[in-house]
Amino acid sequence: MTTFIIRRVFSAAITLFLITLISFIVIQLPPGDVVSNWVRQQEASTGQPLPPETIENLRRTYGFDEPIIIQYFKWIDGFPRGDFGFSIEYSNAPVADILAQRTGLTVFLGVATLFISWGLAIPFGIFAATRKNSRWDYFLSTLSFIGISTPDFLIAVIYLFIAVFVLKTDYAGGLFSQEFKDAPWTWERLLDFAKHLPVPLAILGLGGMAGTFRIMRANLLDILDQQFIEAARAKGLRERIVIYKHATRIAVNPLISRVGMQLPLLISGTIIISIVLDLPTLGPPFIRALNRQDMFLAGTVLMILAIFLLIGNLIADIVLAWSDPRIQYE
């Protein structure tokens, strides 16, 4: 197992390097750059063209007068020091400071959603599979189809419409009330955060829970039809032991493999949801950085998503080996 982990960490480092390189180049493909967009914005607001010397100094300051590959290596050179460059869109603020304010909440929402969706989907999947073709099975399957087919952002829009126009709520989005938005963490702010948390968790978790439920139900139904389950029943084992100790343990293995992909998908899913619900996550600055070609900020966010994908896959492989001794990596 140790050799496997070392080998995977080494391959993950190479993969991360390639992801950052490709992401950096793709962000640069559209015509112009963040300096050109910033100059156009300033000229539109003031009605006066900026001096060419000022524009040239800006390009030299941010390194946009050099080839793209040189810009890339200068960018990654600061990674060991936690220096990801500066964001011109956010008044030359360090990218690390911008991300430090939002990454924690983004990761918390993604991980909490994953635990909640799995905590509900697996028991419901077992319940439906053990009651195949019953009313409860049809009911849960119908709900899962609705959850899979409805985009998360559409659910968020429907929630806002109901909250504002039906329930007459003054402020329906966000993770904090207006008076706690920029306040330091206190007991009152924590309670306010807990009060606003269920809505984004429910919206984010619906799609993931529905997909996990479908996989769990289908896997368990396949396992229950196999001969070793019939043999376990023939030995006189109680049905609960047959279901939970023998069948479920095998049926959950594909879900463990899926968690490596699901965690970064949940975190990236918060990007659109955060714009709709005004959540203080990585979503708004990431979209703004893409629109303005702020490559340092946008590239760093993509790198963070790639890191979570690689870490999620590594954890999934380790947990899968622990849960199923038949799997060998050496």
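All values derive from a computational prediction rather than experimental measurement. (Residues numbered from 1 in each chain as written. Predicted model: local features only at pLDDT ≥ 70, side-chain atom pairs only at ≥ 80, totals over all residues. Heavy atoms only, no water.)

Engineer: Hey, could you run me through helix 5 (residues 95–129) in this one?
Structural biologist: Because each turn of an α-helix spans 3.6 residues, side chains separated by three or four positions in sequence point in the same direction. For helix 5, which comprises 35 residues, the first-to-last C-alpha distance of 48 Å matches the rise-based estimate of 51 Å (1.5 Å per residue) to within 8%. Roughly 40° is the biggest bend found in helix 5, and it falls at Arg-102. (Helix = DSSP H or I, 4+ residues; strand = E, 2+ residues; numbered from the N terminus. Expected span 1.5 Å × (residues − 1). Bend = angle between axes of the 7 residues up to and from the residue.)

Engineer: Any chance you could explain the packing of aromatic side chains here in plain terms?
Structural biologist: Both the distance between ring centres and the angle between the ring planes are used here to describe each pair of aromatic rings. Using the criterion set out here, one finds 14 aromatic pairs in the structure. Taken together, a centroid distance of 6.1 Å and an interplanar angle of 65° make the contact between Phe-17 and Tyr-72 edge-to-face. Placement of the pair is Phe-17 in helix 1 (residues 2–28) and Tyr-72 in helix 4 (residues 68–77), with a sequence separation of 55 residues. Relative accessible area serves as the criterion here: at 36%, Phe-17 is assigned to the partly exposed category. The class for Tyr-72 is buried, based on a relative accessible area of 1%. A network of ring pairs unites the aromatic residues Phe-17, Phe-24, Tyr-72, Phe-73, Trp-75, Phe-79 and Phe-84 as a single cluster. Its guanidinium or amino end placed over the ring of Trp-185, Arg-189 lies 4.4 Å from that ring's centre, counting from NZ or CZ. (Phe/Tyr/Trp six-rings, centres within 6.5 Å; stacked < 30°, edge-to-face > 60°. Buried < 20%, exposed > 50% of the residue type's maximum accessible area, 1.4 Å probe, protein only. Lys NZ or Arg CZ within 6 Å of the ring centre and 35° of its normal.)

Engineer: Any chance you could explain the packing of helix 9 (residues 198–224) against helix 11 (residues 239–251) here in plain terms?
Structural biologist: In a pair of packed helices, the angle between the axes and the distance between the axes together describe the arrangement. Relative orientation of the contacting elements helix 9 and helix 11 amounts to 120°, with a least axis distance of 8 Å. Of the possible angle classes, the one that applies to helix 9 and helix 11 is oblique. Here the hand of the crossing between helix 9 and helix 11 comes out right-handed. Facing helix 9, whose interface residues are Met-216, Asn-219, Leu-220, Ile-223 and Leu-224, helix 11 presents Ile-243, Ala-247, Thr-248, Ile-250 and Ala-251. Looking at the contact of helix 9 with helix 11 residue by residue, the class counts come to eight nonpolar, two polar and no charged. (Axes fitted to C-alpha atoms, helices over the stretch in contact; angles between N-to-C directions. Parallel < 35°, antiparallel > 145°, perpendicular 65-115°, else oblique. Left-handed = near helix turned anticlockwise from the far one by under 90°. Contact = heavy atoms within 4.5 Å. Nonpolar A, V, L, I, M, F, W, Y, C, P; charged D, E, K, R; others polar.)

Engineer: Got a minute to help me understand the confidence of the model for the protein in this structure?
Structural biologist: Low pLDDT marks stretches whose predicted atomic positions should not be read closely. Mean pLDDT over the protein stands at 81; residues scoring 70 or higher make up 92%. Averaged pLDDT values over the elements of the protein bottom out at 73 in helix 12 (residues 253–277) and peak at 89 in helix 6 (residues 135–149). (pLDDT = per-residue confidence, 0-100.)

Engineer: So what exactly am I meant to see when it comes to the nonpolar core here?
Structural biologist: A general tendency of soluble globular proteins is for nonpolar side chains to be buried together. Of all hydrophobic cores here, the largest spans 30 residues; its most connected members are Val-35, Trp-75, Leu-99 and Leu-297. Mapped by element, the contributors of at least two residues to this core are helix 1, helix 2 (34–46), helix 4, helix 5, helix 13 (283–292) and helix 14 (295–323). Aside from chain neighbours lying at most four places away, what touches Trp-75 is Thr-20, Phe-24, Asp-83, Phe-84, Phe-296, Gly-299 and Thr-300. With 21 residues, the next largest nonpolar core counts Met-216, Leu-220, Ala-251 and Ile-256 among its residues. (Core = buried A, V, L, I, M, F, W, Y, C linked by side-chain atoms within 4.5 Å.)

Engineer: Even after reading the chapter, I still don't get the layout of surface pockets, so can you show me in this structure?
Structural biologist: In this model, the largest pocket occupies a volume close to 440 Å³. The leading source of residues in the lining of the largest pocket is helix 5, at four residues. (1 Å grid on protein atoms, 1.4 Å probe; cavity = no way out; pocket = protein on both sides within 12 Å on 5 of 7 lines; lining within 4 Å. Points joined across faces, edges and corners; volume = space filled by probe spheres on them.)

Engineer: Sorry if this is basic, but what is going on with the side chain of Ser-87 here?
Structural biologist: Here Ser-87 shows up in strand 1 (residues 86–87). Take Ser-87: its relative accessible area is 0%, and that puts it in the buried class. With near-sequence residues (within four places) excluded, Ser-87 lies in contact with Asn-92, Ala-93, Val-95, Ile-98, Asp-294 and Leu-297.

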